[in-house]
Amino acid sequence: MDRIECQWCKAHNEPGRTSCMTCGAPLDVKYRVSDSGWAEAPRLRDMTEFRFSNSTCQIEGEIVPVAELALGQGDAVFFEHQVMLWKEPNVPISLMNTGGGMKRLLGGMPFIVHFAQGPGRIALSRDVAGEVVVLPLHPSMEIDVREHAFLAATHSVTYSFVRIKGLANVLHGGSGMYMDRFVTQQWPGLLLLHGYGNVFQKTLQPGEKILVEPGGFLYKDSSVTMNAVKLNVKTGLMSAMYVAEMTGPGRVGIQSMYVHHGSEPETSGASVTSRRRGGWAVSGLGAVADIFLDE
Amino acid sequence: MPSEGADRACPHCGAPVNVTLRVSDSGWIEQPPIRDMARIRFSRSTCQISGAYVPVAEMMLHDDDWVYFSHHALLHTDPTVRLANLPMKGGWNRMMAGMPLIMMRAEGPGHIAFSADKPGETLAVPLAPGWGVDVVEHRFLVATGNVGYTWQQANVWFTTQSGDEQETHYPLGMYMDRFGVTDGNGLLLLHAHGNTFIRDLRADQRILVQPSALVWKDQAVSMFLHFEYAGNASWLRSYDAKTTWLALQGPGRVAIKSVFERPEPVGPVYRASPNTRAAW
């Protein structure tokens, strides 16, 4: 019998399997793609299990999913410290030296990254309704992820952070000043992300462009360039509107929900303060600064 | 690739056509969620709803079609779609009231997508000529160009007093959006947090709902405040035990959502918009 190819990660699976053994994606449902080419990230079924190295990962729950990792001897993962839900007492935890502490602090990136080593179990989750996105990484891959979106990565993955090039990006890009960068060398790795709401992915051809609300950006191949583009739309007397222009080749992942760091909470009650979403309602100061500082 | 939802959805509102409407014993109709990848047709364009937690409304706009939306709803767009400000009168009042200040228009051809920022449902409200609805602020996602848009004072408020300080509360916000069409059919897309339920009120039939649960109502439905004081409470505690309801009175359709702001004790009411009171 033919092996089943996973439409999400392209791994080959044994006949009869209902979920991919590499990424957990359901194999017995249609791959859903919108008319414009955005593919839904596979909705991982409750209790789906998949393998990496000598370990397994089980996804539990569907509203705010939990990734429960059963780490084998010699395996390890790293993650932001605030995503740890529970762990077995015998699983050692250490601090990962990420370097660039002051820059990270200024960039609002996670300052404390923990490292958990097998054998033993540890469970991780975020705090907002959404989806766990499983990205198996082949050797020599580079993925950029918006800050505070990564759930865990295996120890074979090198972690660093990159400054978004271009001051216009820094000022107006809703994804912040820095992005997490995950790189694999000669070994494959596994990256788990948590997207707010639903997650969609599109593969851009070389030179193909798409405009994305900066706050909706979740991840991209490092081959995809990202720049803030000013639209001919005014959002106030001295305000401008910006979107992220993504240019292929490579994959782009977006999330359908996000909360901008600077936004007011929505209310329909006693307070009538308006909600503002995304990184594109730019203050007058930002717009002026753009004139002088844009690269 | 053809999607599963494509063939089983109403082309006007996206609702699944092969399910039985679920109605609670009291008469609330559960709004059937639009299935993943279902398509809605309007004019010469289509709208495809994707996702389940925070659905995305992705439109394929024909050259002749345009839509308008509050700027914070935009998720992604093809570079071919022409974006521009939609001129609005009364901008200062809107800003003071906390309503969306920037309304934009998008003109085809090309794809453009919208989403909200809370888990819930996308509601498609097809509007026939002469029909209009009032929508609570922040629920609006996008509307077709032929849908008229105004706003009006909700006229649902009350003032509390503590010492020398007075505070005015607007349980629905100061204003409500009003949408309607005079010519042709229009499409209005809203987003409601949680699940949505609909009820058709008969003439003079009255129902009490949490004010922040209201999503939209027919223009014919009237509304006012209703203060209810719990029994067996001391004079001092009676204010804390007060429930502030929104009374909706038919005839007409109302829609509420299951996620609402938990009310907090606000002290004695000093003045209020038209209201009724009951003490147990």
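Okay, so let's go over this structure. Note that the structure is a prediction, hence the values are computed from the model and not measured. Numbers given to residues run from 1 along each chain, matching the order in which its sequence is written. Throughout, the order in which chains and ligands are written sets their labels, letters from A for the former and numbers from 1 for the latter. Only residues with pLDDT of at least 70 are given local features in this predicted model, and only at 80 or more are side-chain atom pairs given and counted; all residues enter the totals for whole chains, interfaces and linings.

1. Details of the overall build of chain B
Applicable threshold: Helix and strand definitions follow DSSP, with helices as H or I runs of at least four residues and strands as E runs of at least two, each counted in order from the N terminus. Each residue is classed by its C-beta neighbour count within 10 Å, where at least 20 other C-beta atoms makes it buried, 12 or fewer makes it exposed, and intermediate counts make it partly exposed; the C-beta atoms are placed from backbone geometry. The contact criterion used is a C-beta to C-beta distance within 7 Å, with each C-beta placed from the backbone.
When helices and strands are tallied, chain B shows 2 helices and 25 strands. Here chain B, with 280 residues, has 45% of them falling under the buried criterion. Sequence-distant contacts in chain B: of pairs separated by 6 or more residues, those separated by 24 or more amount to 76%.

2. Observations regarding the overall build of chain A
Helix and strand counts for chain A come out as 3 helices and 23 strands. Taken over 295 residues, chain A has a buried fraction of 45%. Intrachain contacts of chain A at a sequence separation of at least 6 include 69% that bridge at least 24 residues.

3. Things to note about the nonpolar core
To be explicit about the condition: Among buried residues, those of type Ala, Val, Leu, Ile, Met, Phe, Trp, Tyr and Cys that are joined through C-beta atoms within 7 Å form a set called a nonpolar core.
Counting 143 residues, the largest nonpolar core has A:Leu191, A:Leu193 and B:Leu190 as the members making the most contacts within it. Sort the elements by how many residues they give to this core and strand S22 (residues 239–247) of chain A lands first, with 6 residues.

4. A few points about the pairing of strand S5 (residues 66–70) of chain B
Residues and elements named next belong to chain B. Definition in use: In short, DSSP must find at least two bridges between two strands for them to pair.
Of all 5 residues that make up S5, 5 are buried, and the element is covered over most of its length. Here S5 shows no split at all, with Trp66, Tyr68 and Ser70 on one side and Val67 and Phe69 on the other all buried. Sheet topology places S5 next to strand S8 (residues 103–107); 5 bridges connect them, and they run antiparallel. Bridging from a neighbouring strand, Phe69 pairs with Met104 of S8. Two strands pair when backbone bridges link them, and S5 and strand S12 (residues 140–144) are joined in this way by 3 bridges, in the antiparallel orientation. Looking across to S12, one finds that Val67 is bridged to Thr144.

5. Some points on the sheet that holds strand S13 (residues 142–146) of chain A
Residues and elements named next belong to chain A. Here we have 7 strands laid out as an open sheet, ordered S3-S18-S23-S20-S13-S16-S15, and antiparallel in their pairing. With partners counted over all chains shown, the strands left at the sheet margins are strand S3 (39–40) and strand S15 (157–163), one partner each. Bridge analysis of S15 against strand S16 (residues 178–184) gives 7 bridges, and the strand direction is antiparallel. Bridging across to S16, Ser160 finds its partner in Arg181.

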